[in-house]
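# Structural features, examined
Each chain is listed here by its residues.
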Amino acid sequence: MEQDLHRLQKVTDRFSKIGSKPSFKEENLKDVIQSVITYFQKRLPSRYGEGKYIDIAIQTADPVSCRINRELFEWV
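Residues numbered from 1 in each chain as written. Predicted model: local features only at pLDDT ≥ 70, side-chain atom pairs only at ≥ 80, totals over all residues. Heavy atoms only, no water.

## Focus: the packing of aromatic side chains
For clarity, the cut-off: Between the rings of Phe, Tyr and Trp (Trp by its six-membered ring), a pair exists once the centres lie within 6.5 Å; its type follows the angle of the planes, with under 30 degrees stacked, over 60 edge-to-face, and the other angles tilted. Either the NZ atom of lysine or the CZ atom of arginine qualifies as a charge over a ring when it sits within 6 Å of the ring centre and within 35 degrees of the ring normal.
Applying the stated rule across the entire model yields one aromatic pair. Between the aromatic rings of Y39 and F40, the centroid separation amounts to 5.4 Å while the plane-to-plane angle is 85 degrees, which identifies the pairing as edge-to-face. Sitting over the ring of Y39, R7 keeps its end group 4.1 Å from the ring centre.

## Section: the pattern of salt bridges
The line we're drawing: The rule for a salt bridge is simple: a side-chain nitrogen of Lys or Arg has to be within 4 Å of a carboxyl oxygen of Asp or Glu. Each helix is a run of H or I in the DSSP string that is no shorter than four residues. Each strand is a run of E no shorter than two, and both are numbered from the N terminus. Relative accessibility under 20% of the residue-type maximum defines a buried residue, over 50% an exposed one, and the middle range a partly exposed one, all with a 1.4 Å probe and only protein chains included.
Going through the model one piece at a time under the given rule, you end up with two salt bridges. A salt bridge links R70 to E74; the nearest nitrogen and oxygen atoms lie 3.0 Å apart. Here the residue R70 and the residue E74 both occupy positions in helix α3 (residues 70-75), the gap between them amounting to four residues, near one helical turn. The class of R70 is partly exposed, set by a relative accessible area of 26%. Of the residues examined, E74 reaches a relative accessible area of 11% and is grouped as buried. Via salt bridges that share partners, E27, R70 and E74 belong to a single interconnected network.

Set out below in structure tokens:
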């Protein structure tokens, strides 16, 4: 239930930012994208049709930093 509340808080935060000026913070894109992948892996079927599988992965060894708004970036 705590995880669901955290997710609902994120959704609320995102909608409250629509139309307002976003704040940016230096983030490691690999970490941000990996958290999105982890979220989707729990929700996507492991098998899609006959012999077709869904695999989401990020392939980079190097950290990539960028100034982003993490909540909005994850939403995209």
